[in-house]
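Architecture at a glance
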Amino acid sequence: MGKPTVFVTRRLPGGAIDLLHQHTDLRLWEEELPPPREALLRQAAACHGLLTLLTDRLDAELLASAPNLVVVSNMATGFDNIDLAAASERSVLVTRTPGILSETVADFTFALLLAAARRIPEADRYVRAGRWKTWGPSVLLGRDVYGATLGIVGMGGVGTEVAKRAHGFGMRIVYHSRSRRPALERRYGMTYLPLNELLRQSDFVTLHVPLSAETRRLIGRRELRLMKETAILVNTGRGPLVDRAALYEALKSGQIASAALDVTDPEPLSPDDPLLSLENLVIAPHIASASLATRAHMAMLAAENLLAALGGRIPKHAANREIAQAWRTARRRRLTSLA
Ligand code: GLV
């Protein structure tokens, strides 16, 4: 049997591409920007495996036009770019790269939280603009992080690592999550709260839930109104968790103090988006997991997930686990017939 055909939608850091070269008939999209829709459709129609990024939209139409497709390995912990139900319907296994990026993303979440609290980007602009004339008792006053209340929304891998850091910073931690985490509550002295109450009590609110139909616009006009006027919103989850227009209004009118965003809706944000005119916004281009080591690790895990699936093994990180077992038998049959 020949090697399976695989399409990778961008060049990747670390050794993942070399590994895939050894074991597959590899097609690599070498451009800086993601493959356009037609290119993705064409490759999906021809390949057994796809290694995708969160910038690639895999919807029902694309999955329907990919008769040989066995596995989609997404190099991300989130998989809201993939229609999971459509993939399951076609017995296509979807895998992801959870766990290994939680600490790196939590570090970055704290970097944003501190940057907004202590106004670091504003301070940088202030010095570069030649406005630093003297030490001043009231220059660029920020907010203390230690002793403040942090509201964590979503207590999965990243939320847990954020809690660990917040504990070290001497913060009071409240959280909201689909399920209670009693062991973590004891370890970090955390209190579980309904979302509305968390929003009312928190000095900082940070979002770590996956994007789904239920969590889209989780933070809208009503929720922003519940927050303190001194509160800071941090989002390293997904842009559509927050209603962008409502956030702009809340920041502009002083409804909340500031926001720190690594993710926006849409991405990229247009350079003339009104949000970017605000001093009380700290922003980054979706780079929370972007450390050298973590991105190389994510790429390698995505390659390993892909190869495992193509080799008839069920990868550890199946997003549609419920079909993984049934898929295994069907996949073997399909690849054998291609030999
Ligand atoms: C990044 O945003 C990821 O989901 O891994």
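Conventions used here
- Residues numbered from 1 in each chain as written.
- Predicted model: local features only at pLDDT ≥ 70, side-chain atom pairs only at ≥ 80, totals over all residues.
- Heavy atoms only, no water.
- Phe/Tyr/Trp six-rings, centres within 6.5 Å; stacked < 30°, edge-to-face > 60°.
- Helix = DSSP H or I, 4+ residues; strand = E, 2+ residues; numbered from the N terminus.
- Domains from an automatic or database assignment.
- Contact = heavy atoms within 4.5 Å.
- Buried area = accessible area lost by both parts, 1.4 Å probe.
- Salt bridge = Lys/Arg side-chain N within 4 Å of Asp/Glu carboxyl O.
- Buried < 20%, exposed > 50% of the residue type's maximum accessible area, 1.4 Å probe, protein only.
- Pairing = 2+ DSSP bridges.
- Right-handed = clockwise from strand over helix to strand, strands pointing away.
- Polar contact = N/O pair within 3.5 Å; in protein donor to acceptor, adjacent residues only side chain to side chain.

1. A few points about the packing of aromatic side chains
Applying the stated criterion across every chain yields a total of two aromatic pairs. With a centroid separation of 5.3 Å and an interplanar angle of 80°, the aromatic rings of Tyr175 and Tyr192 are classed as edge-to-face. Taken together, the positions of Tyr175 in strand β7 (residues 172-176) and Tyr192 in strand β8 (residues 191-192) put the pair 17 residues apart, joining distant regions of the chain.

2. As for the domain arrangement of the chain
Here the domain parsing of the chain yields domain 1 (5-100 + 292-338) and domain 2 (102-283). Computed over C-alpha atoms only, the centres of domain 1 and domain 2 are separated by 33 Å. The interface of domain 1 with domain 2 comprises six residues on the first partner and four residues on the second. Buried surface at the junction of domain 1 and domain 2, summed over both partners, amounts to about 460 Å²; 38% is from carbon and sulfur atoms. The interface formed by domain 1 and domain 2 includes one salt bridge.

3. Observations concerning the environment of Pro315
Along the chain, Pro315 turns up in the loop between α12 (292-310) and α13 (321-338). Setting aside its immediate chain neighbours within four residues, Pro315 contacts Leu93, Thr95, Asn305, Ala308, Ala309 and Arg321.

4. A closer look at the pairing of strand β11 (residues 258-261)
Where burial is concerned, the two faces of β11 agree: the one with Ser258 and Ala260 and the one with Ala259 and Leu261 are both buried. In this sheet, β11 lies alongside strand β10 (residues 232-235) in parallel orientation, the contact comprising four bridges. Each residue of the ladder has a partner; that of Leu233, found in β11, is Ala259. Note that the unit made of β10, helix α11 (residues 244-253) and β11 has a crossover that is right-handed.

5. Examining unusual backbone geometry
It is generally the case that most residues other than glycine have a negative phi and that most peptide bonds are trans. Of note, the amide linkage connecting Asp265 to Pro266 takes the cis form, showing an omega dihedral of 5°. With respect to the element layout, Pro266 can be found in the loop between β11 and β12 (281-283). For the bond from Glu267 to Pro268, the omega torsion is -5°, close enough to zero to count as cis. Tracing the chain through its elements places Pro268 in the loop between β11 and β12. Even without glycine at this site, Ser91 takes up a positive phi of about 60°.

6. Examining α11
Here α11 has its buried residues at Ala246, Leu247, Tyr248, Ala250 and Leu251. On its buried side, α11 packs onto α10 (221-226), β10, β11 and β12. Residue Asp243 occupies the N-cap position of α11, its side-chain oxygen lying 3.1 Å from the main-chain nitrogen of Ala245. Two residues or fewer past α11, Gly254 is found with a positive phi of approximately 80°.

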